[in-house]
Amino acid sequence: VIAPNLRNHGDSGQTGRITWGQEETFDTFGAWDYVVTDPEGKIGFAQRPEKTALMGFSMGGLISRVAFALEPRIPALVTDCAHWNARNVLEWSINQKYPGLGGVFLPSAPRYFLL
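The rules we used
- Within each chain, residue numbers correspond to sequence positions counted from 1 in written order.
- In view of the model being predicted, local features appear only for residues whose pLDDT reaches at least 70, and side-chain atom pairs are presented and counted only at 80 or more, with totals across whole chains, interfaces and linings using the full set of residues.
- Heavy atoms from the whole structure form the basis of all side-chain values; hydrogens and water molecules are not counted.
- Elements are defined by DSSP. Helices are runs of H or I of four residues or more, strands are runs of E of two residues or more, and each kind is numbered from the N terminus.
- In this description, contact between two residues means that some pair of their heavy atoms is separated by no more than 4.5 Å.
- Note on aromatic contacts: the rings of Phe and Tyr and the six-membered ring of Trp form a pair at centre separations within 6.5 Å, being stacked when their planes are under 30 degrees apart, edge-to-face when over 60 apart, and tilted otherwise.
- Burial status follows relative accessibility: with a 1.4 Å probe on protein chains alone, a residue under 20% of its type maximum counts as buried, one over 50% as exposed, and anything between as partly exposed.

(A) Summary view of the overall build of the chain. The helix and strand tally for the chain stands at four helices and two strands. Walking the chain from its N terminus toward its C terminus, one meets helices and strands in the order α-β-α-β-α-α. For the chain, the share of sequence-separated contacts (at least 6 apart) that also reach a separation of at least 24 residues comes to 41%.

The following block contains the structure:
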């Protein structure tokens, strides 16, 4: 099991920027690739890709869903309390800080970002 901290979560450092999967998905690919190749020998041996699934919780579940949809080598996915629709979450978050502006910023969001 590898449990990376997402950007701006846990011990990863705080830059104040969360991209809701646009960048974190590539971090997830990097973590998955690390597990299946074990380039530094820290896991003990390279894992078989067909036996290396993803698991994510909350926003990590959303990001894992995007990664799973984009990477055909990932064989399975388990999520718990994953955000189902990033558009709704983002619109709500924006409206909390800037009432009425949530819908203004979201029409240009990439399609894969709104799975």
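Back to the write-up after that little detour.
(B) Representation of the packing of aromatic side chains in the model. Under the criterion given, the structure shown has one aromatic pair. Taking the centre distance of 5.6 Å and the plane angle of 80° together, the rings of Phe26 and Phe29 count as edge-to-face. With a gap of three residues between them, Phe26 and Phe29 both fall in helix 1 (residues 24-37), about one helical turn apart. We classify Phe29 as buried; its relative accessible area is 15%.

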